[in-house]
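Survey of secondary and tertiary structure
Below are the chains, spelled out letter by letter.
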Amino acid sequence: MTTVVRGTSDTLTRDALAVLQPGFVGTTAPDWLLRHIGDGLAAVGLFGRNILTAEQVAALTAQLRAERDDILVAIDEESGDVTRLEVREGSSFPGNYALGTVDDADLTREVARELGRRLAECGVNLNWAPTADVNANPDNPVIGVRAFGDDARLVTRHTQAYVEGMQASGVAACLKHFPGHGDTNVDSHHAMPRIDVGMDTLRVRDLPPFRDTLTAGPKAVMSAHILLPALDPERPATLSPQILGGLLREELGFDGLIITDGIEMKAISATYGIERGTVLAIAAGADAICVGGGLCDEGTVLRLRDALVAAVRSGDLPEERLADAAARVRSLAEWTRQARTAPPEPGAAQEGTASGPGVGLVAARRAVRVTAGELPYEPVTSAPYVASFAPVNNIAVSNETPWGVGPELAKVLPGTEEDTYDASETDAAALVGKVLARAGDRRIVAVVRDAHRHGWMTAALDALVEARPDTVVVEMGLNRAQPRGALHIATHGAARVCGEAAVEVITGQGAGG
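Residues numbered from 1 in each chain as written. Predicted model: local features only at pLDDT ≥ 70, side-chain atom pairs only at ≥ 80, totals over all residues. Heavy atoms only, no water.

Examining the overall build of the protein chain
When helices and strands are tallied, the protein chain shows 18 helices and 14 strands. Computed over its C-alpha atoms, the radius of gyration of the protein chain comes to 23 Å, within 12% of the 24 Å expected for a compact globule of 513 residues. Summarising its shape, the C-alpha atoms of the protein chain cover approximately 75 × 50 × 40 Å along the three principal directions. Expressed as a percentage of its 513 residues, the buried residues of the protein chain come to 60%. Of the roughly 18700 Å² of accessible surface on the protein chain, 50% is carried by carbon and sulfur atoms. (Helix = DSSP H or I, 4+ residues; strand = E, 2+ residues; numbered from the N terminus. Rg over C-alpha atoms; globule rule 2.2 N^0.38 Å. Buried < 20%, exposed > 50% of the residue type's maximum accessible area, 1.4 Å probe, protein only. Areas by Shrake-Rupley, 256 points an atom, 1.4 Å probe, with all protein chains shown as cover.)

If you want it as structure tokens, here you go:
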């Protein structure tokens, strides 16, 4: 049972509100949110449901800043597969895996700077990105293309470049998911992942992108809801004093803001509950609680606020720890306020330059890898049939966000038709029969995502290519499966610009990297 807080002007209650980063419903700020900003709430999180256009987001953030000039407006804008700013049309920027495939740190820096510029124009000043995880497990269901790759040194140099580019635009970057979510086979949105490796492995493989990027000055780090017995056999990283206080603060010397991953994710909520999880996270060394991806109402804010106040009053949470967390939030808010009013840095992206608005497509083109089949490839010049084999999205990837090549092909070749097939099609022969019947005599473009992880997808693809050897195959996930088809195109991500780059190759207008 939580303590009911009746006043909202005392320091303790204001500190409890200050450490929350809640979400809300709607494309304008609800009255309850504005009221709590006045009472001490120092941050707000934006999700796809809050976004229609860049102009609308700018009006929304202006509404928030009318209540508090230095409010932190956060967003989960990784670009690539995980986009909020372009949730309904797909991202103008490829994601981390594509950038890691190109392996040009200057390009990564330019992409992050241009993305940061767009966020800043909308009034967003904290990005819950980049993903600094090393995707050590190719079957990882939640990281995958969100990581720069599976090599710690590559991930480190691109994480550093991303932070530099993002913060040059005045938007605070947030490394995630500390101390590394790459070697999991469980999605922490659904359950508690566990990584059973020794400290030597963690220090060589998982920690370098976090440890070595601290020199680039990231303003925030996000904790992972994962259990690492080598660091703490009892509590997940988000709730672990050994990991947040001992490893991140003391050993690695990070002095910025520590933010939790979504506290309502099942790894925490199903094990500890969100109130207890929030108190334990702050006590362990976290400074801010991300909540709102799922629970996005006033009642949730009040529950967490009151749980923190009650924990201080009962002695379960030192008042000094809560005050320190709130002070760190306000310090970052002040940095963003100053960055918003500072003149642009020399070399900032300008319209019409390579590092301006077109840099996303430039990067997507450079990330494409093409493998030709045995026969000479004939470009697709008339409207094809697109068969998209779709896995179930992880929760980080919005179901609203389109992916594939169908819409982009239709722009170039009007009359292009597309159907989507999923794992419910358990009979590969029957699935391929449907595809062939729908395609008729049109060329077939088969689009897959992480084919190596899905047996049904691989079986269908093999049967389809056997029946129609002129099929073009586009892999938009991890490029781990054997290339197949008349032309195999790996885009290393499913952003809209990745689809554009693939279409250029399919139609003979581009060669790929």
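Structural notes on the pairing of strand S5 (residues 172-178)
Buried residues dominate S5, accounting for seven of its seven residues. Pairing analysis gives two bridges linking strand S4 (residues 126-127) to S5, with the strands arranged parallel. Looking across to S5, one finds that Leu126 is bridged to Ala172. Note on the crossover from S4 through helix H6 (residues 152-168) to S5: the handedness is right-handed. (Pairing = 2+ DSSP bridges. Right-handed = clockwise from strand over helix to strand, strands pointing away.)

Section: the sheet that holds strand S12 (residues 444-448)
One open sheet holds the six strands; their spatial order is S9-S14-S13-S12-S10-S11, and the pairing between them is mixed. Here the strands that pair on one side only, and so sit at the sheet edges, are strand S9 (369-372) and strand S11 (417-421). On average, each strand axis in the sheet is inclined to that of its neighbour by 20°, with strand direction left out of account. Against the sheet, helix H18 (residues 496-506) engages S9, S12, strand S13 (472-475) and strand S14 (487-490), with an angle of about 160° to S14. (Axes fitted to C-alpha atoms, helices over the stretch in contact; angles between N-to-C directions. Contact = heavy atoms within 4.5 Å.)

Side note on the sheet that holds S4
With parallel pairing, six strands are arranged side by side in an open sheet as S2-S3-S4-S5-S6-S7. The open sheet has two edge strands with one neighbour each: strand S2 (43-46) and strand S7 (257-259). Direction of pairing for strand S6 (residues 220-223) relative to S7: parallel, over a ladder of three bridges. Note on S7: the bridge partner recorded for Ala220 is Leu257.

Quick look at the packing of aromatic side chains
Counted by the stated rule, this structure contains four aromatic pairs. Taken together, a centroid distance of 5.3 Å and an interplanar angle of 85° make the contact between Phe178 and Phe210 edge-to-face. On the criterion of sequence distance, the pair formed by Phe178 in strand S5 and Phe210 in helix H8 (residues 208-211) is long-range, its members being 32 residues apart. Here Phe178 matches Phe210 in class, with each residue buried. Both rings, one in Phe389 and one in Tyr421, keep their centres 6.0 Å apart while their planes meet at 65°; by these two values the pair is edge-to-face. Here Phe389 is found in strand S10 (residues 385-389), whereas its partner Tyr421 is found in strand S11, with 32 residues between them in sequence. Like Phe389, the residue Tyr421 is buried in the burial classification. Among the aromatic side chains, those forming a connected cluster through ring pairs are Phe389, Tyr421 and Trp456. The side chain of Arg449 reaches across the aromatic face of Trp403, ending 4.7 Å from its centre. (Phe/Tyr/Trp six-rings, centres within 6.5 Å; stacked < 30°, edge-to-face > 60°. Lys NZ or Arg CZ within 6 Å of the ring centre and 35° of its normal.)

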